[in-house]
Amino acid sequence: MPQVDYVLTTFSPAMFGEGATAHIKIIEAEEARSLVDTDTKIVATRVSHDRLAHAQLPGASEETARYAMLKPGVCAIHLHYRGPQVGDDGKLPVGSMVTFYLIEVEEYQVPEAA
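My aim in this report is to walk through the structure given alongside it, one point at a time.

Conventions we followed
Here the residue numbering is sequential within each chain, running from 1 through the sequence in written order. Local features in this predicted model are restricted to residues whose pLDDT is 70 or higher, and side-chain atom pairs enter the listing and the counts only when it is 80 or higher, whereas totals over whole chains, interfaces and linings include all residues. Where side-chain values are given, they derive from all heavy atoms of the structure, hydrogens and water being excluded. Any two strands between which DSSP finds at least two bridges are classified as paired. For the purposes of this entry, the term helix denotes a DSSP run of H or I that reaches at least four residues, the term strand denotes a run of E that reaches at least two, and both are numbered from the N terminus. Contacts between residues were defined by any pair of non-hydrogen atoms, one from each residue, lying within 4.5 Å. Here the axes come from fitting lines to C-alpha atoms, over the contacting stretch only for helices, and the angles between their N-to-C directions go from 0 to 180 degrees. To define a nonpolar core, start from buried Ala, Val, Leu, Ile, Met, Phe, Trp, Tyr and Cys residues and group those joined through side-chain atoms within 4.5 Å. With a 1.4 Å probe rolled over the protein chains alone, any residue whose accessible area is under 20% of its type maximum counts as buried; one over 50% counts as exposed, and the rest are partly exposed.

With that settled, the discussion passes to the sheet that holds strand 4 (residues 64-65). The strand order 2-6-5-1-3-4 describes an open sheet built from 6 strands, whose pairing is mixed. On the outer flanks of this sheet lie strand 2 (20-27) and strand 4, each paired with one strand and no other. Where strand 2 and strand 6 (residues 97-107) come together, 8 bridges link them in antiparallel fashion. Bridge assignment links I26 to a residue of strand 6, and that residue is Y101. Relative to the sheet, helix 2 (residues 47-56) contacts strand 1 (6-8), strand 3 (41-43), strand 4, strand 5 (75-82) and strand 6, its axis offset from that of strand 5 by approximately 110 degrees.

Okay, structure coming up:
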């Protein structure tokens, strides 16, 4: 099992460093929780996103980062939320959902010639 460095509450291709290949797959919530520990930082620019991430993945570090660079060797979970505004308790409102994407980053792989 990979050690997850970051939980991302937002995602952008600009987070990748140069020379990186990313493998992305959807994982179940329980698997996401099992991959997160006290060394995993939540990356959030909004307080409501931070609360949601801590409620969904309570094993993560209390420390919140504002930015992450996804360079080779880094592993992250993107917490993709859809639904109404999250309340102060960070719990999922009725009618909302979360999808967890595991992102494993390694050195850029040059595609093989056909």
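Let us keep going from here.
What follows is about the nonpolar core. In terms of nonpolar packing, the biggest core is built from 20 residues, with V7, I27, L57, I77, L79, F100 and L102 touching the most fellow members. Ranked by residues supplied to this core, first place goes to strand 5 with 4 residues. Residues within four places of L102 in sequence aside, it is in contact with P2, V4, H23, I24, K25, I27, L35, C75, A76 and I77. Grouped together as the second largest cluster of nonpolar side chains are 11 residues, M15, A68, L70 and V105 included.

This part is about the side chain of H78. Within the secondary structure, H78 sits in strand 5. When near neighbours in sequence (up to four residues on either side) are disregarded, H78 contacts L8, T9, T10, F11, T99, F100, Y101 and I103.

Topologically, T40 is positioned in the loop between helix 1 (29-35) and strand 3. Look at T40 and you get buried, because its relative accessible area is 0%.

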